[in-house]
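Observations on the model geometry
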Amino acid sequence: MINLTVAFGALFYMGWSASPAIAQPPTRDPHTPGYVSATELQDGTNPSPKANGNFIIGPTHQPAPEATVQANVPQGTIYRFTIESKDSKIYPGIAREPNTFGTPDQTNPAKLIVTTSHPAPYTRQVAVYVPKQYVPGTAAPFIVGADGPDNLLFTVLDNLIAEGKVPPMVTISISNGSGDAQGSERGLEYDTMSGTYAEFVEKEILPLVESKCQIKLTKDPAGRATMGGSSGGSCALIMAWYHPELYHLVLNYSGTYINQQWPWNPKTPQGAWGFHETIIPKSRLKPLRIWMEVGDRDLFNPNVMRDGMHDWVLANENMAKALAAKGYQYQFIFARNAGHVDNKVRKQTLPEALEWLWKDYQPVKAKSKN
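Residues numbered from 1 in each chain as written. Predicted model: local features only at pLDDT ≥ 70, side-chain atom pairs only at ≥ 80, totals over all residues. Heavy atoms only, no water.

1. Observations regarding the packing of aromatic side chains
- Tallying each qualifying case throughout the model produces ten aromatic pairs.
- Ring plane angle 90° and centroid distance 5.5 Å describe the contact between Y190 and Y197, whose orientation is recorded as edge-to-face.
- On the accessibility criterion, Y197 (3% relative accessible area) is buried.
- Relative to Y361, the ring of W358 has its centre 5.4 Å away and its plane inclined at 85°; by these criteria the two rings are edge-to-face. (Phe/Tyr/Trp six-rings, centres within 6.5 Å; stacked < 30°, edge-to-face > 60°. Buried < 20%, exposed > 50% of the residue type's maximum accessible area, 1.4 Å probe, protein only.)

Here it is in structure tokens:
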């Protein structure tokens, strides 16, 4: 077992400098005291898409057959378009100056002061996957994905839909507005603990998707999923948490359930770390179904804050604990021999994750006009 106190201290910055100490994240043992109890699976296998709970996979990660293009499988159509920041009423655009970060508030280590963020334009890419099996005029279930485009997701869906393992669904893969973490457009979109990003998608993205791609998207939250990795993963939960009337399904890799919100908000002073610390435990059960993963070499405090809330592995372990205690339907994967949003793990697990996420979905039947 690693000495977390020593490892944690080794990754902190010396003093309040903006230049980080370079260190590799430690490799975690999934059986560390305080972590969730988990079923260790045979190397190279995934949990059953029928099973809930906590699982350990690895150290070998071979791609699932569905992660590669298969012969004689109908391929969906990919539509691509761009969005300019000047056309958004919700996100007109910000950026943090290059090679700058922020300084911790010395009276509150959980609060980061950023003075180099300013208005700035962006161009956002959107890629929309429409399966070959989509029936024009019908309301399709769909996934909203962060940090797009996600070509692996498109390939996996081609294969899973053809196998009948998931319903024919649309995927809206949206790129972020640039930058990362506090003071950036991406950080503002993905790390803010509010319903704003879900509202942006609902009001400014989905209508464009329907008009440009000539499709209809379901209004049923049971047929709407969010997906992402890292801050995009925490964003996936944030979207559904603050708007469960819009989304019931969440899939994320290496979710950034840490204190990275900016600007600081006294209502959610711990940022996404608050999900497992207070928010989920003290909130009513919501109709959410959540798949999540973390790697044994995932991120571990790579910034200046000394708040004890920047350990990605611990954050995801605590998320699994909080979800279990509250009675959520979830599946949590601890991946051995894996880094942050590890592509080998994604190729191994994404087909099973999607099948698990959608296994109970029943489309709403159209009402008869008679």
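So, next bit.
2. Topic: the layout of surface pockets
- One number sums up the size of the largest pocket: a volume of about 370 Å³.
- Around the largest pocket, the lining is made up of 19 residues, and of these T138, A139, A140, P363 and V364 lie nearest the centre.
- Going through the elements one at a time, β9 (139–140) and β12 (216–217) are the ones with two or more residues in the lining of the largest pocket.
- The class makeup of the residues in the lining of the largest pocket is twelve nonpolar, three polar and four charged. (1 Å grid on protein atoms, 1.4 Å probe; cavity = no way out; pocket = protein on both sides within 12 Å on 5 of 7 lines; lining within 4 Å. Points joined across faces, edges and corners; volume = space filled by probe spheres on them. Helix = DSSP H or I, 4+ residues; strand = E, 2+ residues; numbered from the N terminus. Nonpolar A, V, L, I, M, F, W, Y, C, P; charged D, E, K, R; others polar.)

3. A word on the nonpolar core
- Judged by nonpolar contacts, the single largest core of 64 residues is most densely connected at V128, I172, Y197, V201, V209, Y247 and F275.
- Residue contacts for I172: discarding those within four places in its chain leaves V126, A127, V128, F142, I143, V144, G145, I205, L206, V209 and L217.
- In terms of nonpolar packing, the next biggest core, distinct from the first, is built from 33 residues, F55, L157, I333 and V345 among them. (Core = buried A, V, L, I, M, F, W, Y, C linked by side-chain atoms within 4.5 Å. Contact = heavy atoms within 4.5 Å.)

4. Observations regarding the packing of helix α2 (residues 151–163) against helix α8 (residues 343–358)
- One can describe the packing of α2 onto α8 by two numbers: an axis separation of 10 Å at closest approach and a directional angle of 50°. In this view, α2 runs oblique relative to α8, as classed from their interaxial angle. Of the two possible hands of crossing, α2 and α8 adopt the one that is right-handed. Taken together, the residues of α8 that come into contact with α2 (itself represented by L152, L153, V156, L157 and L160) are R346, K347, L350, P351 and L354.
- Here the residues of the contact of α2 with α8 are counted per class, giving eight nonpolar, no polar and two charged. (Axes fitted to C-alpha atoms, helices over the stretch in contact; angles between N-to-C directions. Parallel < 35°, antiparallel > 145°, perpendicular 65-115°, else oblique. Left-handed = near helix turned anticlockwise from the far one by under 90°.)

5. Considering empty space enclosed by the protein
- Here the structure, examined in full by the defined rule, presents three cavities of 30 Å³ or more.
- Surrounding the largest cavity, V69, Q70, V73, Q75, T155, D158 and N159 form its lining.
- A breakdown of the residues in the lining of the largest cavity according to their chemical character gives two nonpolar, four polar and one charged.

6. A few points about the pairing of strand β16 (residues 329–335)
- The element β16 is extensively covered by neighbouring structure, given that six of its seven residues are classed as buried.
- Bridging between strand β15 (residues 289–295) and β16 involves seven bridges; their strand directions are parallel. Bridge pairing in β16 links V294 to F334. (Pairing = 2+ DSSP bridges.)

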